[in-house]
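# Summary of the model geometry
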Amino acid sequence: MFFKRIEMHGFKSFAEPVTIEFDRGITCVVGPNGSGKSNISDAIRWVLGEQSPKMLRGSRMDDVIFAGTASRKSRGMAEVTLVIDNSDNMLPIEYSEVAITRRMYRSGESEYAINGNSCRMKDIRELLMDTGIGVDGYSLIGQGKISEIISNKTESIREIFEETAGIVSYRSKKAEAERK
Ligand code: ATP
Ligand code: MG
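Definitions and limits used
- Residues numbered from 1 in each chain as written.
- Chains lettered and ligands numbered in written order.
- Predicted model: local features only at pLDDT ≥ 70, side-chain atom pairs only at ≥ 80, totals over all residues.
- Helix = DSSP H or I, 4+ residues; strand = E, 2+ residues; numbered from the N terminus.
- Buried ≥ 20, exposed ≤ 12 C-beta atoms within 10 Å, placed from the backbone.
- UniProt positions renumbered as here; feature names shortened; annotations may be inferred.
- Contact = placed C-beta atoms within 7 Å.
- Domains from an automatic or database assignment.
- Core = buried A, V, L, I, M, F, W, Y, C linked by C-beta atoms within 7 Å.

Labelled according to an unreviewed UniProt entry, the protein chain appears under the name Chromosome partition protein Smc, originating from Gallibacter intestinalis.

### Details of the environment of S96
Checked against the element boundaries, S96 lands in the loop between strand 3 (77-85) and strand 4 (97-105). Note on S96: 12 C-beta atoms within 10 Å, which makes it exposed. Separated by 10 residues in sequence, S96 and N86 have C-alpha atoms that sit 4.4 Å apart.

### Comments concerning unusual backbone geometry
Despite not being glycine, K12 has its phi angle at roughly 45°, a positive value. The residue K12 is located in the loop between strand 1 (2-9) and strand 2 (18-21) in this model. Judged by the 23 C-beta atoms lying within 10 Å of it, K12 falls in the buried class. In this structure, N115 takes a positive phi of about 45° despite not being glycine. Position of N115 relative to the elements: it lies in the loop between strand 5 (110-114) and strand 6 (117-119).

### Side note on the UniProt feature "binding site: ATP" (unreviewed entry) in the protein chain
What UniProt calls "binding site: ATP" (unreviewed entry) maps, in this numbering, to P32, N33, G34, S35, G36, K37, S38 and N39. Structurally, N33 is set in the loop between strand 2 and helix 1 (37-47). Classification of N33 by C-beta neighbours within 10 Å gives exposed; the count is 5. Relative to the helices and strands, K37 is located in helix 1. Leaving out residues up to four positions away in the same chain, K37 has contacts with V29 and G31.

### Section: the domain arrangement of the protein chain
Here the domain parsing of the protein chain yields domain 1 (2-130) and domain 2 (141-180). The C-alpha centroid of domain 2 is placed 23 Å from the C-alpha centroid of domain 1.

### Some words on the nonpolar core
By size, the foremost hydrophobic cluster in this structure holds 25 residues, and its most contacted members are F11, A43, V47, V64, A78 and V80. Listing elements by their share of this core, those giving two or more residues are strand 1, helix 1, strand 3, strand 4 and helix 2 (121-128). If we skip the residues at most four places from it in the chain, A78 touches G10, F11, V64, I65, F66 and M104.

Below is the structure:
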């Protein structure tokens, strides 16, 4: 399983549609300050369901929508699609390629889709649970995460091990069953 490509339209500095292809192995993004490198990792976080504007380096959720420049009009919608290679069937879904889409309008309304079919954010969370690539997974390492891992917080270390061991979905199903 690996990220194949990301498509962004109206997301932060990506006013026009931009597609970035990834490959197996390591991808490095280089560019001048302010050119949008971190906006790409923000897009990955966002499409995976991030709900905190702070985690996306903004103060409000609609800060992710292209705000316009002196020469370009602002956009009314941000859309990101992340395409994941699933030929090893790591994701519990019958597709060898899985496209996760999130769309947000200025009204605050958000839409999600898996391979073009509308779904809830919960479905995306469940699909990615225990794979490490969800928004709470360990494969998105922000600056704060590193200090969290090396700090003494046993709870957060335990959470990382539980995700790695693949038991988070069982814990979540148990909690859901107990609520019913
Ligand atoms: P550095 O090397 O300094 O880390 P970077 O390449 O990571 O830079 P980013 O932080 O990804 O740069 O991009 C910052 C740019 O994105 C800024 O120019 C900022 O104005 C622009 N930007 C962020 N949000 C929006 C938005 N909603 N609309 C338009 N532009 C935006
Ligand atoms: Mg940066």
